[in-house]
Amino acid sequence: MSRELKSVLDAVHDGILLMDRGGYVEDLNAEACRIFGTSAGNIRGVSMDRLIDPGRAIVSLAHRVVETGQPYVQDEVVFERRTGGNVTIDISVSPMFDPELSGQLDGAVVMIRDRTITQSLREIVNQQEQLVSYGLIAAGIAHEVKNPLGGIRGAAELLGGWSVDDRGSRAASLIVDEVDRITALVEELMVFARGDELSRTSVNLHQILDSVIELCRLDPIAGGISIGRVYDPSIPEISADADRLRQVFLNLLRNALQATSAGHGRVEIETRMTLEQRLSSRDQTSVPTVQIVIRDNGGGISPELLARLATPFVTTKEKGTGLGLAVSRHWVTLHRGTLSIDSPPGEGTSVRINLPLEAEKVRASARPQS
Ligand SMILES: Nc1ncnc2c1ncn2[C@@H]1O[C@H](COP(=O)(O)OP(=O)(O)OP(=O)(O)O)[C@@H](O)[C@H]1O
Ligand SMILES: [Mg+2]
């Protein structure tokens, strides 16, 4: 296979495997290697029956295509990986014909789509589209609301100065305070309208998480709640905006602490490297991700609320703004990551963030040999 074609095939998010007429593997791309949990060098020339248990959907489909010359597809096949764990895949197998042998059947092309990847790519697109619309709303609000607010504030200050009694000046200063609160909210909402403003450096995620934990421990809301850490020491530094990530983790940890109660409240922060969920990095190559999970044993989130979360201003707290999760998702999405929330009834809540490792870090530490 030419080098250029190999790079194209390796960049594709689907697994591609070429099989010859005799059922032997001719070649496969990087994604197929990941799904099969092996390297290309290891299985080139190996019989499909040895690569995957005979009788498995992929093998029998591939054999059927070579026998009949007809294409086949099968969706939602659960595939057990050699390295452990299952993946749900869609398979399509097409016959290959050799033009030099007057169009004789020469083998099959097997395409394998890992549904979890499609799902995470769709999630990224949805989240990005959502953020664009929040940006438009935010810019509109800023324009229509912020300017009149300035006028109201100025007028209230004047009224306060003119007032002859205490009640008048107290009312005026109440107006000023409330205007300031709305202005601060609009400012926060403006985050969505400002576009890409990440200031990336090489950051140590564990240091950021530790500083956030330390900050939260000083807050009375953390009283009587245990905060556990399960860090994967193999995680390298990643290219990210440290301040923005600190803000994200602070929002999420505060939510977790607010959801649990003193005494038996428990929050756990876990980090790990994962090759399961690959996201697009800045240079559009597929890379492994770093996963950060913030888990609590609090009251959980009802399915109805869960569906509405991450929309600005959705809150169940008396003094909440309902912006914490939406802003967090915004910053994670700008890092080309995803933020998802699980809250099975009675089991507390887990917020999972996946951040792509930048390519240079991957080469240095984590990429499987192929
Ligand atoms: N870990 C959690 N457990 C239970 N409910 C949660 C959790 N995290 C978020 N929620 C729910 O999601 C809602 C929105 O959260 P978000 O952080 O966006 O805003 P908020 O916490 O209400 O306000 P703010 O972040 O401004 O203090 C919360 O009001 C709460 O009902
Ligand atoms: Mg919050």
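See the structure printed just above.
Residues numbered from 1 in each chain as written. Chains lettered and ligands numbered in written order. Predicted model: local features only at pLDDT ≥ 70, side-chain atom pairs only at ≥ 80, totals over all residues. Heavy atoms only, no water.

**Student:** What exactly am I supposed to notice about the pattern of salt bridges here?
**Tutor:** A pair can form between side chains of opposite charge whenever their charged atoms are brought close. Overall, the coordinates contain 17 salt bridges when judged by the stated rule. In this structure, the salt-bridge partner of D10 is K6, at a minimum N-O distance of 2.8 Å. Taken together, the residues span about one helical turn, with D10 and K6 both in helix α1 (residues 3-11) at a distance of four residues. Taking the relative accessible area as the measure of exposure, D10 reaches 25% and is therefore partly exposed. Judged by relative accessible area, K6 falls into the partly exposed class, the value being 31%. The shortest N-O distance in the salt bridge between E31 and R34 comes to 2.9 Å. Of this pair, E31 and R34 both sit in helix α2 (residues 30-36), three residues apart, which is roughly one turn of the helix. Residue R34 is classed as buried on the basis of its relative accessible area of 11%. Each of E31, R34 and D114 takes part in one network of salt bridges that share partners. (Salt bridge = Lys/Arg side-chain N within 4 Å of Asp/Glu carboxyl O. Helix = DSSP H or I, 4+ residues; strand = E, 2+ residues; numbered from the N terminus. Buried < 20%, exposed > 50% of the residue type's maximum accessible area, 1.4 Å probe, protein only.)

**Student:** What is the right way to look at the site of ligand 1 in this model?
**Tutor:** N255, T315, T316, K317 and T321 are the nearest of the 19 residues found near ligand 1. With respect to ligand 1, the side chain of K317 contributes an N or O atom lying 2.6 Å from an oxygen atom. Of all the secondary structure elements, the ones that give two or more residues to the shell around ligand 1 are α9 (242-259) and α11 (324-334). Sorting elements by how many residues they give to the shell around ligand 1 places α9 first, with three residues. (Near = heavy atom within 4 Å. Polar contact = N/O pair within 3.5 Å; in protein donor to acceptor, adjacent residues only side chain to side chain.)

**Student:** I would appreciate a short explanation of the pairing of strand β12 (residues 349-356) in the present structure.
**Tutor:** Remember that side chains alternate between the two faces of the sheet whenever the strand is regular. Among the eight residues of β12, seven are classified as buried, and the element is accordingly described as predominantly covered. Where strand β11 (residues 338-342) and β12 come together, five bridges link them in antiparallel fashion. Among the inter-strand pairings, S340 is bridged to a residue of β12, identified as R352. Between β11 and β12, which pair antiparallel one after the other, the connecting turn spans six residues, and G346 there sits at a positive phi close to 80°. (Pairing = 2+ DSSP bridges.)

**Student:** When you look at α9 in this model, what are you seeing that I'm missing?
**Tutor:** Owing to its 3.6 residues per turn, the α-helix aligns residues three or four sequence positions apart on the same side. Taking 1.5 Å as the rise per residue, α9 with 18 residues should run 26 Å; its terminal C-alpha atoms sit 26 Å apart, in good agreement. When we look at burial in α9, the residues that qualify are A242, L245, V248, F249, N251, L252, L253, A256 and L257. (Expected span 1.5 Å × (residues − 1).)

**Student:** Honestly, a nonpolar patch on the surface in this entry has me stumped. Any pointers?
**Tutor:** Together, L158, L159 and W162 give the surface a local cluster of nonpolar side chains, amounting to about 370 Å² of exposed area. One can find W162 in helix α6 (residues 115-162). A relative accessible area of 61% places W162 in the exposed class. (Patch = residues over 30% accessible without salt bridge, like charges linked within 9 Å, V, L, I, M, F, W, Y side chains within 5 Å. Areas by Shrake-Rupley, 256 points an atom, 1.4 Å probe, with all protein chains shown as cover.)

**Student:** So what exactly am I meant to see when it comes to the pairing of strand β1 (residues 15-20) here?
**Tutor:** In this sheet, strand β5 (residues 104-114) lies alongside β1 in antiparallel orientation, the contact comprising six bridges. Bridge pairing in β5 places L17 opposite V110. Where β1 meets strand β2 (residues 25-28), three bridges bridge the pair, whose relative direction is antiparallel. Following the sheet pairing, M19 is matched in β2 by V25. In this structure, the hairpin formed by β1 and β2 is closed by a connection of four residues, where G23 is found at a positive phi of approximately 90°.

**Student:** When you look at the packing of aromatic side chains in this model, what are you seeing that I'm missing?
**Tutor:** With the rule as written, the count across this model stands at one aromatic pair. Where F36 meets F79, the ring centres are 5.8 Å apart and the plane angle is 80°; that geometry is what we call edge-to-face. Linking F36 in helix α2 with F79 in strand β3 (residues 72-80), this pair joins segments that are 43 residues apart in sequence. F79 matches F36 in its accessibility class, with the two residues each being buried. The residue whose ring lies beneath R64 is Y72, and the NZ or CZ to ring-centre distance is 4.5 Å. (Phe/Tyr/Trp six-rings, centres within 6.5 Å; stacked < 30°, edge-to-face > 60°. Lys NZ or Arg CZ within 6 Å of the ring centre and 35° of its normal.)

**Student:** Please clarify how the nonpolar core should be interpreted in this entry.
**Tutor:** Most often, soluble globular proteins have nonpolar side chains that are buried together. Core analysis: the biggest nonpolar cluster contains 51 residues, and F192, F249, I292 and I353 have the highest contact counts within it. At eight residues, the largest contribution of residues to this core is made by α9. Apart from the residues lying within four places of it in its own chain, the contact partners of I353 are V248, F249, L252, V290, Q291, I292, V332, T338 and L339. Grouped together as the second largest cluster of nonpolar side chains are 30 residues, A62, V65, V87 and I91 included. (Core = buried A, V, L, I, M, F, W, Y, C linked by side-chain atoms within 4.5 Å. Contact = heavy atoms within 4.5 Å.)

**Student:** Would you take a moment to explain helix α8 (residues 205-217) for this structure?
**Tutor:** With 13 residues, α8 should reach 18 Å at 1.5 Å per residue; the first-to-last C-alpha distance of 18 Å fits that figure. Those residues of α8 that fall on the buried side of the exposure criterion are L205, H206, I208, L209, V212, I213 and C216. Projected down its long axis, α8 carries its buried residues within an arc of 160°, all on one side. In α8, the exposed residues that point more than 90 degrees away from the buried face are Q207, E214 and R217. Sitting at the amino-terminal end of α8 is N204, which places a side-chain oxygen 2.9 Å from the backbone nitrogen of H206. (Arc of directions from axis to C-beta.)

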